[in-house]
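Survey of secondary and tertiary structure
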Amino acid sequence: MPESKSFQGLVAIDKALQWQSFPNKPPGKDQVKVRVVAAGLNRADLSQQAGTYNPPEGVTPVMGLECSGIIETVGANVSQWLPGQQVCALLPGGGLATSVVCDQRLLLPIPGSLSLVQAGGIVEVYTTAWLNLFHRGKVKAGDKVLLMAGASGVGTAVLQLCGHFGIDVTVVVGSDEKLQFCRGLGAKNGLNRHQQDWQALKAFGPFDMVLDCCAGDWLERYLPLMNNDGRIVTIGLMAGRKAQLDMGLLLMKRVQVMGSTLRFLPITEKERLLTEIMEKVWPLFALGQLKPIIDTVLPIDQYQKAYDLMASNKTTGKVILSLPA
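Residues numbered from 1 in each chain as written. Predicted model: local features only at pLDDT ≥ 70, side-chain atom pairs only at ≥ 80, totals over all residues. Heavy atoms only, no water.

Some details on the layout of surface pockets
Using a probe with the size of a water molecule, rolled over the atoms, empty space left in the structure can be pinpointed. Size it by volume and the second largest pocket reaches roughly 670 Å³. For the second largest pocket, the lining is made up of 30 residues, of which Q31, T60, G93, V100 and V101 are closest to its centre. For the lining of the second largest pocket, the elements supplying multiple residues, two or more each, are β2 (16-23), β3 (31-40), β6 (99-103) and α8 (267-280). Considering every element that reaches the lining of the second largest pocket, the biggest residue donor is β6, with five residues. Tallied by class, residues from the lining of the second largest pocket come to 18 nonpolar, seven polar and five charged. (1 Å grid on protein atoms, 1.4 Å probe; cavity = no way out; pocket = protein on both sides within 12 Å on 5 of 7 lines; lining within 4 Å. Points joined across faces, edges and corners; volume = space filled by probe spheres on them. Helix = DSSP H or I, 4+ residues; strand = E, 2+ residues; numbered from the N terminus. Nonpolar A, V, L, I, M, F, W, Y, C, P; charged D, E, K, R; others polar.)

In structure tokens, the structure reads:
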């Protein structure tokens, strides 16, 4: 059967999501073309839709930072991957489509006995968790981590990794149900931010690291909770771009505040991260020590419903869009 001359992908036009056709291109010499079977949604997609988080220069406007699927064709220099292999991909964009062409270094095999749909929502969150816990946050066994949005996709990955590596986690979530769920994933302590006093967190600290997706005025709240030489790693701006900090307290405690984005890292650094993920994280799926946490799977034509669900902040784990296998 001749290859289609076009593929379909999800884009944001004037902040509205649209399913559009694009001309097919063969993979370059170091690239692989994957037929997409499932793609995980990420909050970065909402920012791209709003026009505040555009793709890196030269990257497709098609949304989607992770997907799983089946290799269709490979470039001339590709020897590690073969047509027909099932893979998952860490992407700067393009995952929410019928097919995607990406650098061969951005692929991983499906871990353990996971299905293609399950694997569609793991590579972005586990790579984000690994990067920010161990590279940016420098955590080690016995450290205390304060985790915001503990029931999110990244949050559930952080909880499982911390449990495996002996790191104490306190979560901040938006409901008692989410708090109970996070405890089941290994959170030692937690707080429902809608019902409990923020000061209650002092009893669980001081914290060696905060994984922060909020920024804004939340940053000032973290400082009194920090251990000396603590690290605040911000990966999102849900509470705003501006913050006020008590610089005296920051100096006295020698706290580091740093921003972190996975999407804009050089591909060589992503390759190193994925090599570590392959060696140290993927085997834990096969052993049953890690599992994908999926809230909802919807067919691709229900993309608006899927994004509305994620934006509601009522989900636990990932929302995944599936395409015909």
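Additional details are given in the paragraphs that follow.
Describing the sheet that holds strand β13 (residues 256-259)
Strand order in this open sheet of six strands is β10-β9-β8-β11-β12-β13, and the pairing throughout is parallel. What marks the edges here is a single partner per strand, and that holds for β10 (189-192) and β13. Neighbour to neighbour, the strand axes of the sheet diverge by 15° on average, direction disregarded. (Pairing = 2+ DSSP bridges. Axes fitted to C-alpha atoms, helices over the stretch in contact; angles between N-to-C directions.)

Overview of the pairing of β3
Burial of β3 is extensive: eight of the 10 residues sit out of reach of the surface. One ladder, built from five bridges, connects β3 with β6; its direction is antiparallel. Note that in β6 the partner of R35 across the bridge is S99. (Buried < 20%, exposed > 50% of the residue type's maximum accessible area, 1.4 Å probe, protein only.)

Regarding the pairing of strand β11 (residues 207-212)
With six of its six residues buried, β11 lies for the most part within the structure. Two elements, strand β8 (residues 144-148) and β11, share three bridges in a ladder whose sense is parallel. The residue bridging L146 from the neighbouring strand is V210, located in β11. Summarising the sheet, β11 and strand β12 (residues 226-234) pair through five bridges and their orientation is parallel. What sits directly across from L211, in β12, is V233.

Considering helix α3 (residues 123-136)
In this model α3 runs 18 Å from its N-terminal to its C-terminal C-alpha over 14 residues, within 8% of the 20 Å that 1.5 Å per residue would give. Within α3, 12 of the 14 residues are buried, which leaves the element mostly enclosed by the surrounding structure. Buried residues of α3: V123, E124, V125, Y126, T127, T128, A129, W130, L131, N132, L133 and F134, and no others. Looking one or two residues beyond α3, the residue adopting positive phi is K138, at roughly 55°. (Expected span 1.5 Å × (residues − 1).)

Quick look at helix α4 (residues 153-165)
Taking 1.5 Å as the rise per residue, α4 with 13 residues should run 18 Å; its terminal C-alpha atoms sit 19 Å apart, in good agreement. Among the 13 residues that make up α4, 10 are buried, leaving the element largely enclosed by the rest of the structure. Residues G153, V154, G155, T156, A157, V158, L159, Q160, L161 and C162 constitute the buried set of α4. Buried residues in α4 make contact with α3, β8, β9 (168-173), α5 (176-184), β11 and β15 (318-322). Downstream of α4 by a residue or two, G166 has a phi angle that is positive, lying close to 75°. (Contact = heavy atoms within 4.5 Å.)

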